[in-house]
Amino acid sequence: MTYKSDNISPNNFEECIKCTICTAYCPVSAVNPSYPGPKQAGPDGERYRLKKPSFYDEALKYCLNCKRCEVACPSGVRVGDIIQSARIRYGKTRPSLRDRLLADTDFVGTLSSAFAPIVNPTLRTRPVKALMHSVLGVDSHRQFPAYSSSRFTSWYRRHKQEQEKYTRHVAYFHGCYVEYNNPALGIDFVKIMNALGFGVRLLDKERCCGVAKIANGLIDKARRDAEINIESIRRADCPVLTTSSTCTLTMREEYPHLLGIDNSDVRESIQLAVRFIFSLIDRGEAKLVFRNDINETIAYHTPCHMSRLGWAIYPISLLKMIPGLTLRVLPQNCCGIAGTYGFKKENYEVSQQIGQKLFDSIAEFNPGSVATDCETCKWQIEMSTPYKVENPISILARMIDFEKTRLANS
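Residues numbered from 1 in each chain as written. Predicted model: local features only at pLDDT ≥ 70, side-chain atom pairs only at ≥ 80, totals over all residues. Heavy atoms only, no water.

S.K.: Requested: an account of the overall build of the chain, with residues and values cited.
M.R.: When helices and strands are counted, the chain shows 21 helices and eight strands. Relative to a compact globule of 410 residues, whose C-alpha radius of gyration would be 22 Å, the chain shows 21 Å and is just as compact. C-alpha extents for the chain along the principal axes are approximately 65 × 50 × 40 Å. If you take every contact in the chain between residues at least 6 apart in sequence, the share linking residues at least 24 apart comes to 78%. In the chain, 54 side chains carry a positive charge and 43 a negative one; their mean positions are 2 Å apart. (Helix = DSSP H or I, 4+ residues; strand = E, 2+ residues; numbered from the N terminus. Rg over C-alpha atoms; globule rule 2.2 N^0.38 Å. Contact = heavy atoms within 4.5 Å. Lys, Arg positive; Asp, Glu negative; His and termini not counted. Charge placed at Lys NZ, Arg CZ, Asp CG, Glu CD.)

S.K.: Can you lay out the nonpolar core for me, pointing to particular residues and giving the numbers?
M.R.: Within the largest apolar cluster, 67 residues are counted, with the highest numbers of intra-cluster contacts made by Phe-189, Ile-192, Met-193, Ile-277 and Ile-322. Leave out the neighbours within four places in its chain, and Ile-192 touches Ile-277, Ile-393, Leu-396, Ala-397, Ile-400 and Phe-402. In terms of nonpolar packing, the next biggest core, distinct from the first, is built from 27 residues, Tyr-56, Ala-59, Val-77 and Cys-304 among them. (Core = buried A, V, L, I, M, F, W, Y, C linked by side-chain atoms within 4.5 Å. Buried < 20%, exposed > 50% of the residue type's maximum accessible area, 1.4 Å probe, protein only.)

S.K.: A description of the layout of surface pockets should follow, citing residues and the corresponding values.
M.R.: Taken as a whole, the second largest pocket encloses approximately 400 Å³ of empty space. For the second largest pocket, the lining is made up of 20 residues, of which Thr-153, His-174, Leu-202, Leu-203 and Glu-206 are closest to its centre. Here the residues of the lining of the second largest pocket are counted per class, giving six nonpolar, three polar and eleven charged. (1 Å grid on protein atoms, 1.4 Å probe; cavity = no way out; pocket = protein on both sides within 12 Å on 5 of 7 lines; lining within 4 Å. Points joined across faces, edges and corners; volume = space filled by probe spheres on them. Nonpolar A, V, L, I, M, F, W, Y, C, P; charged D, E, K, R; others polar.)

S.K.: Tell me about the side chain of Arg-142, residues and numbers included.
M.R.: Inspection of the secondary structure puts Arg-142 in the loop between α8 (126-136) and α9 (152-163). Buried and without a salt bridge, Arg-142 has Asp-139 as its closest oppositely charged side chain, separated by 6.7 Å. In this structure the side chain of Arg-142 is engaged in a polar contact, spanning 3.0 Å, whose partner is the backbone oxygen of Gly-342. If near-sequence neighbours (up to four positions away) are discounted, Arg-142 is found in contact with Lys-129, Ile-337, Gly-342, Phe-343, Tyr-348, Ser-351, Gln-352, Gln-380 and Met-383. (Salt bridge = Lys/Arg side-chain N within 4 Å of Asp/Glu carboxyl O. Polar contact = N/O pair within 3.5 Å; in protein donor to acceptor, adjacent residues only side chain to side chain.)

S.K.: How would you summarise the sheet that holds strand β3 (residues 240-242) if you had to cite specific residues and measurements?
M.R.: Overall, parallel pairing links the four strands, which are arranged β2-β1-β3-β4 in an open sheet. In this open sheet, the two strands that pair with only one neighbour each are β2 (198-202) and β4 (270-272). The mean inter-strand angle of the sheet, taken between neighbouring strand axes irrespective of direction, is 40°. In terms of strand pairing, strand β1 (residues 168-173) meets β3 through three bridges, oriented parallel. Looking at the pairing, Phe-173 lines up with Thr-242 of β3. (Pairing = 2+ DSSP bridges. Axes fitted to C-alpha atoms, helices over the stretch in contact; angles between N-to-C directions.)

S.K.: With reference to specific residues and values, describe the environment of Lys-51.
M.R.: With respect to the secondary-structure elements, Lys-51 resides in helix α2 (residues 38-51). As for Lys-51 and Pro-74, which are separated by 23 residues in sequence, their C-alpha atoms are 26 Å apart.

S.K.: Outline the pairing of strand β5 (residues 296-300), supporting the account with residue identities and numerical values.
M.R.: The side chains of a regular strand alternate between both faces of the sheet. The pairing of β5 with strand β6 (residues 325-329) spans five bridges and is parallel. Its bridge partner being in β6, Ile-298 is matched across the sheet by Leu-327.

Next up, the structure:
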């Protein structure tokens with residue numbers, strides 16, 4: 001595995017023109033006066049930290065890593081990455097037991113899915129929530145996503161042989177959420193790709209994308225998992241698709257910028273399924289045929305990491321193709337959960353304050369359901385509003401006429 005100097009890519013903080021537009025767009029600065037804001041925490045602070053590491057401010061822990069500062073920056077400064085790199089280099093706070101449990105999604109997911117019928121109701125009880133609040137520091141208001149007793153890879157193994165019958169293939173990086181919480185999303189993805197004439201393979205080895213480990217300071221473990229993922233992606237020798245905007249951003253952008261792992265030879269092969277599917281249709285290489293009895297209203301929420309990728313046009317365009325579907329694209333407001341950030345009791349109130357604009361905009365439209373490409377955005381919206389949330393892939397799977405789609409692509 002090739003690493004860049006000092007395990008971090010070159011820093012472009014000197015390109016900052018001090019316009020402070022990043023601070024104006026920062027969801028944390030708007031509600032948390034303890035956070036210095038992305039300009040001060042990022043480019044301004046970096047100038048001091050490079051001279052004397054003791055200038056590092058522990059308040060950088062309040063950064064969501066939502067990347068909205070990077071989307072807003074007119075100079076292309078990697079403000080969020082500068083802040084996260086500083087946390088990696090200079091942070092003195094060691095990960096707590098809570099941080100390690102929240103970050104190790106494969107370990108916790110494996111145990112929890114094995115005992116899902118016991119784990120799920122137990123995590124919802126008040127005594128357990130109170131214990132986790134006082135002992136671990138997981139806020140008692142937070143609802144954990146339910147674990148599935150059946151894992152996606154178990155389903156896939158039963159259908160692996162039929163996937164090899166196709167002449168064209170894609171590889172699927174399913175991620176922790178599909179594996180342990182929502183295997184149905186992975187099954188929907190496989191069914192759609194099959195209808196489009198593609199067999200689906202899994203990577204020979206897959207680990208968590210690493211975003212939770214990076215956020216919680218487990219950098220060595222994140223780098224180890226990233227190495228495994230990138231080597232597996234290299235061996236895939238076909239497009240590698242995901243159904244999570246955060247997994248995609250992490251593997252494409254944060255592996256080189258934060259973990260120092262060179263992914264330049266495979267970066268472009270890693271993309272969201274919605275982008276791949278739209279591109280096929282746009283080039284006239286595939287066709288989706290929908291049912292003719294659809295009558296739904298859906299609001300689409302753009303995850304922050306999807307904004308950073310610049311790919312929201314793909315799920316929105318696919319959803320607009322569905323006859324009988326009324327789609328409302330919501331204003332691009334951060335939901336506030338930021339992965340494990342919103343689970344921590346010291347961040348919970350800020351998390352909910354950040355998300356309030358989004359919750360209000362959903363209520364104003366009052367859709368039948370909400371669509372988003374980020375699993376933690378789904379958890380936050382479903383916990384904070386009465387609306388059901390689905391990944392666009394699952395919405396497509398509900399509304400496609402599979403038999404007609406297979407015939408159209410045969």
